[in-house]
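What follows is each chain in one-letter form.
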Amino acid sequence: MSSSSFVTTHVLGFPRIGERRALKWAQERYWRGEIPRSALEHTASQIRSQYRNDYAAAHIDRPAAGEFSFYDHMADTALLFGQTPERFGALSNTIDALFILGRGQHSNGQNIAPLAMKKWFNSNYHYLVPELAADQPVRLDAERYLALVDEALAANPHAKPVLVGPLTFLYLSRGLDEAGRLAKADELAAAYHQLLSLLRDRGVTWVQIDEPILALDLPSAWLSAFEPTYHRLKVPGIRLLLTTYFGDINGNVSLAAQLPVDGLHIDATATADLIAVADRLPDYKVLSVGIIDGRSIWRANLATLLDRLEPVHARLGNRLWLAPSCSLLHVPVDAALETRLPTVIRDNLSYARQKLSELALLARGLNEGRSSIAAEIAAATAARAALDAAPGRHSAAVAAAVANIPHAEVQRSAPFAERAKAQQERFQLPAFPTTTIGSFPQTQEIRAARKAFKNAEISPAEYEAAMQAEIRHVIEVQERIGLDALVHGEAERNDMVEYFGEQLDGFAFTQEGWVQSYGSRCVKPPIIWGDVSRSQPMTVAWSRFAQSLSNKPVKGMLTGPVTILFWSFVRDDVPRETICYQIAEALRHEVNDLIAAGIGMIQVDEPAFREGLPLRKKDWARYLDWAVRAFKWSVKDAPIDVQIHTHMCYSEFNDIIESIAALDADVITIETTRSNMELLNAFADFAYPNAIGPGIYDIHAPQIPSSTEITPRVRLAMEKIPAERLWINPDCGLKTRTWAEVIPSLEAMVSSARELRKASA
Ligand code: GLN
Ligand code: ZN
């Protein structure tokens, strides 16, 4: 094959956290004042130099540059263009300014709130939401960015600087309405032009510009803004690669193909017909095919991917570029660090480093023919075949149980009104019943006990005694404060998903499978690799013990099927909905065992319910159908006098309120304080039929609320929800707070409830 058909490999971005979360440890030490900024910067520069070595080892032609962030790329973009809220005063583009945007600031005795956080599309990464003001001029402040680019260029002159695209930046910002944000596009584009010229002067030839909003159902005003904006970005000598990811761009292919850019990157994991896109592209443009799933931890099936790529390569020749589908930010760094997983799983993992090698192999397979990588193809195929044949991968019993779940609506045995009556007879709750979301402070001692047990330093009996002592304490405190529906406190849980995963079949746990969630926070999702089932009760002993200590109801506490699914890395050989049903079936057995043990209230938490919603509206109905059914299946056997609770937080309910109602939980507790009860409007407008506990204080802040703060919030809620269906509770679980914060806060909450009961008696 002639060199004119050689494909180019590139990468959209790499995990910033570094091996073994090096950045996190440095950030947090810097924030505590334990190390100087130079030490933090040194760690970061080592991380970057490490991944530049990885790029070089895999012969990546055009590695990403300038995309490294000390906290978040959206906040970095805000600083790059001088778009920071007035409350912080003048901020220039420094690392410390970035930390202020992310973490807030205490100045002159006042707390200045950080930028809000939101989920980055349908990923589990949270970005900082830039706040715009109409009268704030755009001001390029590029020194820090250019230094990163220079560093990358010194190592590889073909490095490709990365920028968040101007329209994605504006679309995802707040502070101005749509028209106001669009009105900034021209001025912002001019600053991008200025920056691109500076890059050109440094010898840069290609720049990656990320416009993932093209994968959304974008309002037409935004679509129309692309052409004029990108015309303003034209800089002679600079070629732009426009990237989209997390979805297909089919609806917008002609738009993207016609824009004055030199290349288009698409997410091949979400695009069925690659040839159709290739054929629409003018013949001077390159097509970057995001062939390796940038959000999956599984080793690629090289043979299948080559099947897809070869026809595109035949069409495009050297106009074909290859990359992971999105930034590798969303996968952990290096699967080689996993030493404890069973070999059959380890052999099938691919984290960021492994994905670079896979990319290089695919390029070779195209450039030199499949036979040049025959051994690697065979190894990948064999590894996968071993996994597929591993005991636990497929269980006939699980398949049969899931086949039992009907396609029709799953319902409890009686409608809400009837259940509510039976439950009231059983529990005799006062008006405005009070409760909490589940967890109580996770103290040092609790963590130490869990760790000692895990390391076999204390016996099971000693561990059980330590946990029981904690449960006893939590119950006593709640009784003393006067709460109505109690909880056992979740002391035995390190994490609400991992706890269940560890007891279910089909899960595996990594040592170094960390991905950034926000700032220095990382999560380590469990891996669902086999059919999920439950071999024994998971929570019953703790719940039974807790209930034995009180005459008040103690809620059994479970994590719901949708949340367990979305907060795990899932297998790729079975549809998500099937896995969700498997988990629901396992939870159904747990619910039934709790009921048999005398537990009368059971909470099934679903904080990830909204997050699972697909990006495109056309896909919503299907997701909501199986997500709702899975939840309902797990609780369907509950007799009418068993009260099912659920909890969701950080969710925008407007779009999905019908499905929330369809869950038919007897009580839903939600987070509402930060929006000053505005999130309740969705429930009010829809005339939500069941009981609701709007959170009446923000547990994410250390401040202790008083009842003079709480009572008006409940009154506001009473304007929206009939008092007889209103519960009173905090926004979320209390595990991140201290006892000193929790006790007076709950006392204030209970005293508000009593005050309201008196007023309405
Ligand atoms: N029951 C859990 C807790 O209280 C719920 C946590 C959550 O909503 N993320 O911690
Ligand atoms: Zn919550």
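Structural data are supplied above this passage.
Remember, it's a predicted structure, so these values are computed and weren't measured experimentally.

Novice: Just checking my understanding: could you explain the overall build of the protein chain for this structure?
Specialist: The secondary structure content of the protein chain amounts to 28 helices and 22 strands. Against the globule reference of 27 Å for 761 residues, the protein chain gives a C-alpha radius of gyration of 27 Å, in line with a compact fold. When its C-alpha atoms are laid out on the principal axes, the protein chain stretches across 80 × 60 × 50 Å. The burial tally for the protein chain puts 61% of its 761 residues in the buried class. The long-range share in the protein chain, meaning contacts at least 24 apart out of those at least 6 apart in sequence, stands at 77%. Both charge centroids of the protein chain, one from 78 positive and one from 90 negative side chains, sit 1 Å from each other.

Novice: Looking at this model, I keep getting lost on the pairing of strand β10 (residues 263-267). Mind explaining?
Specialist: One face of the sheet, then the other: side chains in a regular strand alternate in exactly this way. For β10, a buried count of five out of five residues is recorded, marking the element as mostly surrounded by other parts of the structure. Every second residue of β10 is oriented toward a common face, with G263, H265 and D267 on one face and L264 and I266 on the other, all of them buried. Two strands pair when backbone bridges link them, and strand β9 (residues 239-243) and β10 are joined in this way by three bridges, in the parallel orientation. The partner of L242 across the bridge, within β10, is L264. Read from β9 through helix α10 (residues 253-258) to β10, the crossover connection turns out right-handed. Pairing of β10 with strand β11 (residues 286-292), which is carried by five bridges, proceeds in the parallel orientation. Each bridged residue has a counterpart across the sheet, and for L264 the counterpart in β11 is L287. What joins β10 to β11 is helix α11 (residues 274-280), and the crossover it makes is right-handed.

Novice: Just checking my understanding: could you explain the pattern of salt bridges for this structure?
Specialist: Any two side chains of opposite charge can pair, given that their charged atoms come close. Summed over the entire model, instances satisfying the criterion amount to 48 salt bridges. The shortest N-O distance in the salt bridge between D573 and R393 comes to 3.3 Å. With a gap of 180 residues between them, D573 in the loop between β18 (569-570) and α23 (576-596) and R393 in the loop between α15 (374-389) and α16 (396-403) connect regions that are remote in the sequence. Measuring nitrogen to oxygen at the nearest pair gives 3.1 Å for the salt bridge that ties E492 to R493. When its relative accessible area of 5% is taken as the criterion, E492 is described as buried. In this structure R493 comes out as buried when scored by relative accessible area, which is 3%. Residues joined in a network through salt bridges with shared partners are D388, R393, D531, R571 and D573.

Novice: Help me understand unusual backbone geometry in this model?
Specialist: Negative phi characterises most residues that are not glycine, and trans characterises most peptide bonds. Positive phi is not limited to glycine here, since F121 has a value of about 50°. Within the fold, F121 resides in the loop between β5 (117-119) and β6 (126-128). For A687, which is not glycine, the phi dihedral falls at a positive 55°. On the secondary structure map, A687 appears in the loop between α26 (680-686) and β22 (691-694).

Novice: Quick question: what am I supposed to make of the coordination of the zinc ion (ligand 2) here?
Specialist: By definition of the ideal shapes, a tetrahedral metal site with four donors has angles of 109.5 degrees and an octahedral site with six donors has angles of 90 or 180 degrees. Ligation of the zinc ion (ligand 2) by protein atoms is provided by H647 (NE2), C649 (SG) and C732 (SG), these donors lying 2.1 to 2.3 Å from the ion. Considered as a linear motif, the donors of the zinc ion (ligand 2) on their single chain read H-x1-C-x82-C. Judged by its relative accessible area of 3%, H647 is buried. Given a relative accessible area of 13%, C649 falls into the buried group.

Novice: I tried to follow the environment of P236 on my own but got confused; where do I start?
Specialist: Tracing the backbone shows P236 in the loop between α9 (220-232) and β9. Expressed as a C-alpha distance, the spacing of P236 and F169, which sit 67 residues apart in the sequence, is 24 Å.

Novice: Any chance you could explain the sheet that holds strand β8 (residues 206-210) here in plain terms?
Specialist: Ordered in space as β1-β12-β11-β10-β9-β8-β7-β2, the eight strands form an open sheet in which the pairing is parallel. The sheet terminates laterally at β1 (8-9) and β2 (64-65), the two strands that pair on one side only. Pairing of β1 with strand β12 (residues 320-324), which is carried by two bridges, proceeds in the parallel orientation. Among the inter-strand pairings, T9 is bridged to a residue of β12, identified as L322. Seen against the sheet, helix α8 (residues 185-201) touches β7 (160-164), β8 and β9 and runs at an angle of roughly 170° to β7. With respect to the sheet, helix α12 (residues 302-316) is in contact with β11 and β12, its orientation differing from that of β11 by roughly 175°.

Novice: What am I meant to see in the site of ligand 1 here?
Specialist: All residues adjacent to ligand 1 are I437, G438, S439, E490, M496, D605, P607, H647, C649, C732 and G733. One nitrogen or oxygen atom from the side chain of S439 is found 2.8 Å from an oxygen atom belonging to ligand 1. In the environment of ligand 1, a nitrogen atom lies 2.9 Å from a nitrogen or oxygen atom belonging to the side chain of E490. Relative to its free-state accessible area of 300 Å², ligand 1 is covered by the protein chains to the extent of 91%. Its residues assigned to classes, the shell around ligand 1 comprises five nonpolar, four polar and two charged.

Novice: Which parts of the structure should I look at to understand α15?
Specialist: Here α15 spans 22 Å end to end across 16 residues, near enough to the 22 Å set by a 1.5 Å rise per residue. Considered for burial, the residues of α15 that qualify are I377, A380, A383, R384 and L387. Take α15 and look down its axis: the buried residues cluster within an arc of 130°, on one side only. Facing away from the buried side of α15, by more than 90 degrees, are the exposed residues A375 and A389.

Novice: Is there a simple way to explain the side chain of T8 in this structure?
Specialist: Residue position: T8 is located in strand β1. In this structure T8 touches D61, R62, L320, W321 and L322, once residues within four positions along its chain are discounted.

Novice: What is the right way to look at the sheet that holds strand β21 (residues 667-670) in this model?
Specialist: Whenever strands of a sheet pair, they do so through backbone hydrogen bonds, lying parallel or antiparallel. Pairing within the open sheet is parallel, and its five strands lie in the order β17-β19-β20-β21-β22. For this open sheet the edge positions go to β17 (556-559) and β22, each flanked by a neighbour on one side alone. Here the average twist between neighbouring strands, direction ignored, is 20°. Sheet topology note: the strand β19 (residues 601-605)/strand β20 (residues 643-648) ladder contains five bridges and is parallel. Note on β20: the bridge partner recorded for V604 is T646.

Novice: Explain the environment of D573 to me, please; I cannot follow it from the model alone.
Specialist: We classify D573 as partly exposed; its relative accessible area is 30%. For the pair D573 and E724, spaced 151 residues apart in the sequence, the C-alpha separation amounts to 47 Å. Among residues more than four places away in sequence, those in contact with D573 are R384, D388, R393 and H394. Within the local environment of D573, its side chain forms a polar contact with the side chain of R393, the two groups lying 3.3 Å apart. Within the local environment of D573, its side chain forms a polar contact with the side chain of R571, the two groups lying 2.8 Å apart.

Novice: I'm lost on the packing of aromatic side chains in this one. Help?
Specialist: Aromatic ring pairs are described here by two measures, namely the spacing of the ring centres and the angle between the planes. Within the structure shown, the criterion is met by 26 aromatic pairs. Seen from their ring centres, Y30 and F99 are 6.0 Å apart, and the 50° between their planes marks the pair as tilted. Of the two residues, Y30 sits in helix α1 (residues 22-31) while F99 sits in helix α4 (residues 95-103), which places them 69 residues apart along the sequence. The pair formed by Y30 and F99 is uniform in burial state, with each residue classed as buried. Arranged with centres 6.3 Å apart and planes meeting at 85°, the rings of Y463 and W542 form a pair that is edge-to-face. In this pair, Y463 sits in helix α19 (residues 460-481) while W542 sits in helix α21 (residues 540-548), placing the two residues 79 residues apart along the sequence. In this structure, Y463 and W542 share a single accessibility class: buried. Grouped by ring-pair contacts, the aromatic residues W120, F121, Y127, Y245 and F246 constitute a single cluster. Here the guanidinium or amino end of R21 rests over the ring plane of W514, the centre of that ring lying 3.4 Å away.

Thresholds applied
Residues numbered from 1 in each chain as written. Chains lettered and ligands numbered in written order. Predicted model: local features only at pLDDT ≥ 70, side-chain atom pairs only at ≥ 80, totals over all residues. Heavy atoms only, no water. Helix = DSSP H or I, 4+ residues; strand = E, 2+ residues; numbered from the N terminus. Rg over C-alpha atoms; globule rule 2.2 N^0.38 Å. Buried < 20%, exposed > 50% of the residue type's maximum accessible area, 1.4 Å probe, protein only. Contact = heavy atoms within 4.5 Å. Lys, Arg positive; Asp, Glu negative; His and termini not counted. Charge placed at Lys NZ, Arg CZ, Asp CG, Glu CD. Pairing = 2+ DSSP bridges. Right-handed = clockwise from strand over helix to strand, strands pointing away. Salt bridge = Lys/Arg side-chain N within 4 Å of Asp/Glu carboxyl O. Donors = N, O, S within 2.8 Å, 3.2 Å for Na, K, Ca; no water. Axes fitted to C-alpha atoms, helices over the stretch in contact; angles between N-to-C directions. Near = heavy atom within 4 Å. Polar contact = N/O pair within 3.5 Å; in protein donor to acceptor, adjacent residues only side chain to side chain. Areas by Shrake-Rupley, 256 points an atom, 1.4 Å probe, with all protein chains shown as cover. Nonpolar A, V, L, I, M, F, W, Y, C, P; charged D, E, K, R; others polar. Expected span 1.5 Å × (residues − 1). Arc of directions from axis to C-beta. Phe/Tyr/Trp six-rings, centres within 6.5 Å; stacked < 30°, edge-to-face > 60°. Lys NZ or Arg CZ within 6 Å of the ring centre and 35° of its normal.

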